[in-house]
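# Fold and geometry: a report
Here is how the chains run, residue by residue.
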Amino acid sequence: MMNEIEWELLFDPQLAIDSFPYVLGGLTHTLLLALVSMGVGLFIGFFLSLARTSTFPILQWPARLYISFMRGVPILVILFLLYFGFPVIGVEFTAVQAALIGFSLNSAAYMAEIFRSSLASVDSGQWESSRALGLTYWQSMRRIILPQSVRIAIPPLSNVLMDLIKASSLAAMITVPEMFQKARIVGAREFDLLTLLILVALMYWAICSIMAVLQNYLEKRYAKYL
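Presented here is an overview of the structure given in this document. Just so we're clear, the structure is a prediction, and the values are computed from it rather than from any experiment. (Residues numbered from 1 in each chain as written. Predicted model: local features only at pLDDT ≥ 70, side-chain atom pairs only at ≥ 80, totals over all residues. Heavy atoms only, no water.)

Time to look at the overall build of the chain. Within the chain, the regular secondary structure consists of 10 helices and zero strands. Secondary structure of the chain in N-to-C order comes out as α-α-α-α-α-α-α-α-α-α. Here the C-alpha radius of gyration of the chain, 22 Å, is well above what a compact globule of 226 residues would show, namely 17 Å. When its C-alpha atoms are laid out on the principal axes, the chain stretches across 75 × 50 × 35 Å. Within the chain, the proportion of its 226 residues that are buried is 41%. Partitioning the intrachain contacts of the chain with sequence separation of at least 6 by distance along the chain shows that 78% fall at a separation of at least 24. (Helix = DSSP H or I, 4+ residues; strand = E, 2+ residues; numbered from the N terminus. Rg over C-alpha atoms; globule rule 2.2 N^0.38 Å. Buried < 20%, exposed > 50% of the residue type's maximum accessible area, 1.4 Å probe, protein only. Contact = heavy atoms within 4.5 Å.)

This structure, assessed with the given rule, holds six aromatic pairs. Ring plane angle 65° and centroid distance 5.2 Å describe the contact between F43 and F47, whose orientation is recorded as edge-to-face. One end of the pair is F43 and the other is F47, both in helix α3 (residues 27-52) and four residues apart, which spans about a single turn. With a relative accessible area of 41%, F47 lands in the partly exposed category. Ring-pair connections join several aromatic residues into one group, and the members of that group are F43, F46, F47 and F115. (Phe/Tyr/Trp six-rings, centres within 6.5 Å; stacked < 30°, edge-to-face > 60°.)

Here the focus is the pattern of salt bridges. Pairs can form between side chains of opposite charge once their charged atoms are near each other. Within the structure shown, the criterion is met by five salt bridges. For R71, the salt bridge is made with E113, and the minimal N-O distance between the two is 3.6 Å. One end of the pair, R71, is in helix α4 (residues 57-72); the other, E113, is in helix α6 (residues 95-121), with 42 residues separating them in the sequence. A cluster of three or more residues bridged by salt bridges with shared partners is formed by R52, R71, E113 and R116. (Salt bridge = Lys/Arg side-chain N within 4 Å of Asp/Glu carboxyl O.)

A word on the layout of surface pockets. Its volume calculated, the largest pocket comes out at about 420 Å³. In terms of lining, the largest pocket is formed by 20 residues, of which the most central are M38, L42, F115, V150 and L157. Of all elements in the fold, only α3, α8 (137-167) and α10 (193-221) reach the threshold of two or more residues within the lining of the largest pocket. When residues of the lining of the largest pocket are assigned to their parent elements, the largest contribution, eight residues, is made by α8. Looking at the lining of the largest pocket, its residues break down into 18 nonpolar, two polar and no charged. (1 Å grid on protein atoms, 1.4 Å probe; cavity = no way out; pocket = protein on both sides within 12 Å on 5 of 7 lines; lining within 4 Å. Points joined across faces, edges and corners; volume = space filled by probe spheres on them. Nonpolar A, V, L, I, M, F, W, Y, C, P; charged D, E, K, R; others polar.)

The next subject is unusual backbone geometry. Of note, the phi angle at T175 is positive, near 75°, even though the residue is not glycine. Looking at the element boundaries, T175 is found in the loop between α8 and α9 (179-190). The exposure class assigned to T175 is partly exposed, which follows from its relative accessible area of 48%. Phi at F191 takes a positive value of approximately 55°, unusual for a residue other than glycine. Tracing the chain through its elements places F191 in the loop between α9 and α10. Overall, the relative accessible area of 77% leaves F191 in the exposed class.

Looking now at the side chain of D192. Summarising the element assignment, D192 is placed in the loop between α9 and α10. No salt bridge is formed by the buried D192. Its closest oppositely charged neighbour is R189, at 11 Å. Engagement of the side chain of D192 in a polar contact is seen with the side chain of T195, the distance being 2.8 Å. (Lys, Arg positive; Asp, Glu negative; His and termini not counted. Polar contact = N/O pair within 3.5 Å; in protein donor to acceptor, adjacent residues only side chain to side chain.)

Here you go:
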């Protein structure tokens, strides 16, 4: 005969309610890491994508190497190198600085590939038409090519943002006080890690659900460029 499941050992609602405000206090760092890294990654990734598709080897190959390295190395290793490794050569970052740099540089590689594929998906006739109108390269990019490529890039870029929100939990490994770190502290103090893990999982889910609503809004807004 199977033993009855002791649900209170799996999830303690009262502990979750009492701990919620404290864990929510880490939301600022969670969003800071995700949104700042997303913004910096977008900027770096765009120019990386241009270098990646350049006909000049001096631009193309360094960009290829950077993208390959950042996509092939776990982000946790990058965080450890920045936070624990760089002080060996006399360069020190705070935990938050190391996390921001690590997530930004890592996400830029993924965004570069997203930009590359979305720009390539715009019909070549659009470039020809813009040149016929006498537009420069950057005018064509800003007025014609980018609006169309952004529509294509929104879903994968949204996935990157959600991945950054979830991956911010790895910053707990270098003591950044984001939501997962705070959940770990309470779980260790109360000897009930399962309750706190379930609580923080639901909180990440709620945040990502809000981002999914924003994604749907942006997709509808840029649908006019079809």
